[in-house]
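Close look at the chain arrangement
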Amino acid sequence: MSGITLLQHGLTGISLGGAYALIAIGYTMVYGILRLINFAHGDIFMMAGYFMIFAVASMPWYLAIPLVMFLTVLLGVTIERVAYKPLRSAPRMSIMISAIGVSYLLQNLATYLFTALPRGYPEIPFLKKSFHVGELSASLVTLITPFLTILLTFLLMSLINHTKLGMAMRAVSKDYETSQLMGIKINRVISATFAIGSLLAFVGSVLYFTDRMTVFPFSGTLPGLKCFVAAVLGGIGSIPGAVIGGFILGIGETALVALGYSTFSDAFTFAILIVMLLFRPTGLFGEKVTDKV
Amino acid sequence: MNNDRCLTLTDLQVDYGGIHAVKGISIEVPRGKIVTLIGSNGAGKSTTLRTIAGVVKASAGSIEFEGTQLIGKNPDDIVSMGITLVPEGRRVFANLTVLENLKIGAYIHSHKLDDDLERIYGLFPRLKERDWQLAGTLSGGEQQMLAVGRALMSRPKLLMMDEPSLGLAPLIVKDIFDIIRTINKEGITVLLIEQNANHALKIADWAYVMETGTITMQGSGEELLAKDSIKEAYLGKKKQ
Ligand SMILES: Nc1ncnc2c1ncn2[C@@H]1O[C@H](COP(=O)(O)OP(=O)(O)OP(=O)(O)O)[C@@H](O)[C@H]1O
Ligand SMILES: [Mg+2]
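All of the points below concern the structure found in this document. All residue numbers refer to positions counted from 1 along the written sequence of the respective chain. Lettering of chains starts at A and numbering of ligands starts at 1, both following the order in which they are written. Whole-chain, interface and lining totals are the exception, using all residues; otherwise, since this is a predicted model, local features are given only for residues with pLDDT of at least 70 and side-chain atom pairs are given and counted only at 80 or more. Side-chain figures throughout are based on the complete set of non-hydrogen atoms in the structure, without hydrogens or water.

Bringing the site of ligand 1 into the picture now. Residue and element names in this part refer to chain B. Neighbouring residues are identified by heavy atoms, a residue being near a molecule or strand if any of them is within 4 Å of it. Near ligand 1 lie 14 residues; those nearest to it are Asn41, Lys45, Ser46, Thr47 and Glu88. Polar contact is defined as a pair of N or O atoms within 3.5 Å, subject to the rule that within protein one atom must be able to donate a hydrogen and the other to accept it, and that residues adjacent in sequence are counted only when both atoms are side-chain atoms. A distance of 3.1 Å is found between an oxygen atom of ligand 1 and a backbone nitrogen or oxygen belonging to alanine 43. Interatomic distance of 2.8 Å between a side-chain N/O atom of glutamine 195 and an oxygen atom of ligand 1. Note on areas: Shrake-Rupley with a 1.4 Å probe; residue coverage comes only from the protein chains shown. Relative to its unbound accessible area of 630 Å², ligand 1 is 65% covered by the protein chains. Secondary structure elements follow DSSP: runs of H or I of four or more residues count as helices, runs of E of two or more count as strands, with numbering from the N terminus. Only β2 (19-30) and α1 (45-53) provide two or more residues apiece to the shell around ligand 1. Here the shell around ligand 1 gets three residues from one element, more than from any other, and that element is α1. The residue classification treats Ala, Val, Leu, Ile, Met, Phe, Trp, Tyr, Cys and Pro as nonpolar and Asp, Glu, Lys and Arg as charged. All others, Gly included, are polar. Within the shell around ligand 1, the residues separate by chemical class into four nonpolar, seven polar and three charged.

Below, the structure written as structure tokens:
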């Protein structure tokens with residue numbers, strides 16, 4: 001393989017990894033605070049894709065982006081309020097089942113409203129702009145994704161480590177009742193967590209779908225699962241872990257495609273999951289699994 | 001007793017599902033005093049404090065704080081009104097530093113925390129040396145001090161403590177009780193749960209004895225210390 005092709009694939013892999021990383025953060029944050037695998041997260045990502053299609057059809061993209069961002073956040077927060085919050089003191093399995101229910105609901109709602117036929121994702125002109133360096137050519141989105149991912153991760157980490165809200169999020173993730181005794185409104189903190197996760201899923205959806213070009217009702221399923229694996233790989237609950245997990249999966253998957261094993265690129269993800277669960281269930285950066293008291 | 005009421009519980013009842021943990025108790029805490037609640041395991045003491053703090057819902061009765069009904073209020077409202085609970089078993093945030101634990105105690109406030117921190121460090125110099133350390137790595141005694149310091153950061157009028165001496169060495173226990181006295185002298189009303197009845201009764205202005213969800217006895221600390229039944233049940237002394 002020539003140096004240029006290698007570089008080209010490398011770029012694609014890193015870019016795909018960036019989009020995965022942004023979605024994986026949503027899984028890991030929700031798990032951190034609710035000990036819930038939010039099965040609906042991939043479908044929120046899919047809905048963000050549809051929102052964008054309809055928004056861009058009726059307004060310029062620079063208005064569509066903030067609007068869709070808002071709608072995606074609203075969707076994520078509403079799901080938490082309606083489907084998870086009433087189960088706050090129920091056994092953890094109940095809320096997990098509720099999450100699976102929401103996932104199917106969104107998929108079926110999308111099928112019902114938008115049909116199962118793939119729809120074209122709008123082209124955001126500046127993201128699609130291609131650039132060339134010597135023989136290397138790529139669209140701007142490929143180049144932007146990793147930087148944007150790292151920038152957003154950095155901002156998120158500062159929020160969590162250096163702000164009052166972030167401190168409250170860390171406290172709530174450890175102990176609900178004691179957090180309440182400090183005067184923290186835990187429902188607000190949980191909503192904020194879902195808002196951030198959904199926001200990142202929105203950014204991920206723009207980056208991902210701009211590359212893939214179509215959206216259909218099950219668009220969220222496989223990426224969702226992969227990003228969940230990325231979160232487990234990095235150590236669920238750890239944000240840097242999710243980001244690194246996302247990059248590993250994106251790059252690994254692309255490398256297999258480049259080597260001609262594209263049939264196995266999805267299997268790769270799940271092979272990693274199995275190996276990880278067998279040999280290092282806490283993931284690369286995970287804390288020791290201690291059950292929530 | 002002083003008529004200046006701080007906290008008044010009237011016929012308070014609390015249920016967990018089918019379990020009646022608190023079966024109609026009435027307690028009065030006068031302003032500026034130390035009131036203690038002693039009783040055997042499972043009597044409902046912690047439940048009482050958690051209900052006052054709003055993290056457990058009462059099923060009947062009333063809780064009045066400075067003339068305001070607390071039943072139905074959220075925990076954050078109750079903290080803002082000036083009631084803070086140091087929970088049973090310390091419950092410091094192990095994943096936060098000592099400094100962050102103190103800061104989070106003042107979560108309801110938006111004022112500068114420097115003076116409050118200085119005050120806490122004055123009471124507990126060990127916390128200052130360790131302010132960067134994760135709270136989970138502190139010793140049990142240090143964690144208890146942190147839990148008390150954290151609660152004081154909210155600037156409470158009424159400080160409730162659930163077994164602050166649990167599992168601590170006698171010397172540290174003495175420190176903790178000294179601190180409780182100091183805090184009280186500064187004007188904070190204290191409602192204290194203790195297994196360590198001897199210590200608790202010595203510093204308390206008034207004491208209640210709780211058995212399986214009801215108050216069975218009350219009196220000044222000295223009165224109860226002198227009672228045979230108390231000596232036998234809580235101070236480990238046999239009747240002669
Ligand atoms: N979350 C809960 N769910 C169900 N029952 C509970 C719960 N918390 C406490 N109980 C029950 O309520 C009763 C009173 O418990 P509580 O913790 O108030 O006792 P306590 O007086 O503080 O005891 P100890 O001295 O051992 O701390 C006990 O029978 C306990 O089993
Ligand atoms: Mg107790």
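Residues and elements named next belong to chain B. Each metal site is built from N, O and S donor atoms within 2.8 Å (3.2 Å for Na, K and Ca), and since water is not included, such sites may look incomplete. The protein atoms that coordinate the magnesium ion (ligand 2) are Ser46 (OG), Glu88 (OE) and Glu88 (OE), at distances spanning 1.9 to 2.8 Å. Of the two residues, serine 46 sits in helix α1 while glutamate 88 sits in the loop between β6 (83-86) and α3 (98-105), which places them 42 residues apart along the sequence. Partly exposed describes any residue whose relative accessible area lies between the buried limit of under 20% and the exposed limit of over 50%, with all areas from a 1.4 Å probe on protein chains only and scaled to the type maximum. Residue class for serine 46 comes out buried when judged on its relative accessible area of 16%.

What follows concerns the interface of chain B and chain A. The contact definition used throughout considers only heavy atoms, calling two residues in contact when any of these lie within 4.5 Å. Counting from both sides, the interface comprises 22 residues of chain B and, opposite them, 18 residues of chain A. Each of two parts loses accessible area, computed with a 1.4 Å probe, when they are put together; buried area is these two losses added. Buried surface at the junction of chain B and chain A, both sides included, amounts to about 1900 Å², of which 63% is carbon and sulfur. Taken as a group, B:Arg91, B:Phe93 and B:Tyr107 account for 32% of the area that chain B buries against chain A, more than any other trio of residues on that side. Between Lys or Arg on one side and Asp or Glu on the other, a salt bridge is scored when a side-chain nitrogen of the former is within 4 Å of a carboxyl oxygen of the latter. Taken together, chain B and chain A are joined by four salt bridges. A salt bridge links A:Arg170 to B:Glu100; the shortest N-O distance between them is 2.8 Å. Summed over the shared surface of chain B and chain A, the result is eight residue pairs in polar contact (both at pLDDT 80 or more). Where the side of chain B that touches chain A is concerned, the elements lending two or more residues are α1, α2 (75-81) and α3 of chain B.

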